[in-house]
Amino acid sequence: MIAQPLTILDHHYLELNNDGEDVIEGLSRNPKALSPKYFYDDPGSLLFEKICELPEYYPTRTEAGILQQYADEIAEITNCCELIELGSGSSTKTQALLDAYQKISDSCRYLPIDVSGGILKDSVLQLQEKYPDFAIHGLLGTYEQALVHLESNYLQSRMLFFLGSSLGNFNPEECDSFLEQVSRTLQSGDYFLLGIDLQKPKDILEPAYNDSQEVTAAFNLNMLSHLNWRFQGNFDPNLFRHQAIYNQVDNQIEMYLHCQKSHWVNLAALDLKVFFEAGESILTEISRKFDLVTMKKQLETKGLKTVKNWTDEKGWFGLILCQVE
């Protein structure tokens, strides 16, 4: 069977390539900050796949274990529906779900959504080969762009899923807005499957983001190379150092790039020149850690009622299956 073509949100992709307003705003503030979406060019996505295999990085294998154990149960609850994944990456963990849905129907539809075109295209082609009877279409864009697209393109009952605790990258206000948008995208009876990293001691969390092989450091520094490519910049990654710390007050990992030497950076495509003081930092990511009960209550305020939730035996990670009322 011929693989399904990659579906691209063309005008949204162009907008993603040419905006940069968030970069201007983030580098003009004090302290400086950048959106984690700039981690995910093709090299960044490949580095993240390596992070997921690191011994210190527990979230991926822990969530994958939960999915392997309960995927059949999830499929039985939701029955055959359109499967839509936000931030799909290589869709490796997702195959536990696809295997489960294949047992109940040979004609499912899967829409992986990601900002990295290279890894998205590769995963679509590989999955179409493995699941030849499934309709698999990749959507290239950010979460927000994809949700707007999905809201106006409704085909059948859906399960939207957001794995990897990527929700933790949003601050509380952004999280609330995102869940509101998810709720608008779904109709009564549809499902939302959410993966969340749960609160745990600092001595488990910090090594997961400061790994001994320094893959996470390379991933963080690659953001600067991505900005150079996208906005004609001249960042020198050698002038920055990676660090991740756990903020125990706000229950979140904070990932930084620390400037080692005072210098100017120019992003020609944005007509932006930025001065960095030695010792100054850029916040590149937060990764909030959640309380399961509190999150279920927040989802319910958006009309997303918990059907069932699952955790691993250590209680490190949680999956919540919700249904729109």
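For clarity, every value in this text was computed on a predicted model and none was experimentally measured. (Residues numbered from 1 in each chain as written. Predicted model: local features only at pLDDT ≥ 70, side-chain atom pairs only at ≥ 80, totals over all residues. Heavy atoms only, no water.)

With that settled, consider the overall build of the protein chain. The secondary structure content of the protein chain amounts to 11 helices and 15 strands. In terms of overall dimensions, the protein chain is globule-like: its C-alpha atoms have a radius of gyration of 20 Å, near the 20 Å expected for 325 residues. With respect to the three principal axes, the spread of C-alpha positions in the protein chain is 60 × 45 × 35 Å. Of all 325 residues assigned to the protein chain, the portion counted as buried reaches 54%. Measuring between centres, the 26 positive side-chain charges of the protein chain sit 3 Å from its 47 negative side-chain charges. (Helix = DSSP H or I, 4+ residues; strand = E, 2+ residues; numbered from the N terminus. Rg over C-alpha atoms; globule rule 2.2 N^0.38 Å. Buried < 20%, exposed > 50% of the residue type's maximum accessible area, 1.4 Å probe, protein only. Lys, Arg positive; Asp, Glu negative; His and termini not counted. Charge placed at Lys NZ, Arg CZ, Asp CG, Glu CD.)

Attention now moves to the sheet that holds strand E13 (residues 281-288). As summarised here, the arrangement of the four strands in space is E2-E13-E10-E9, forming an open sheet in which the pairing is mixed. Each edge of the open sheet carries a strand with a single partner, namely strand E2 (32-33) and strand E9 (240-247). Along the sheet, helix H10 (residues 215-231) contacts E9, strand E10 (252-259) and E13; its crossing angle with E10, the most-contacted strand, is approximately 60 degrees. (Pairing = 2+ DSSP bridges. Contact = heavy atoms within 4.5 Å. Axes fitted to C-alpha atoms, helices over the stretch in contact; angles between N-to-C directions.)

Looking now at the pattern of salt bridges. Evaluated as defined, the whole model comprises 12 salt bridges. Between Glu280 and Lys32 there is a salt bridge; the shortest N-O distance is 2.5 Å. Of this pair, Glu280 sits in the loop between strand E12 (272-276) and E13 while Lys32 sits in strand E2, placing them 248 residues apart in sequence. Using a relative accessible area of 18% as the deciding quantity, one classes Glu280 as buried. Residue Lys32 is classed as buried on the basis of its relative accessible area of 7%. One salt bridge connects Lys308 with Glu73, and the closest N-O pair in it is separated by 2.4 Å. Placement of the pair is Lys308 in strand E14 (residues 304-311) and Glu73 in helix H4 (residues 58-78), with a sequence separation of 235 residues. (Salt bridge = Lys/Arg side-chain N within 4 Å of Asp/Glu carboxyl O.)

All quantities given are derived from atomic positions and should not be read as evidence of function.
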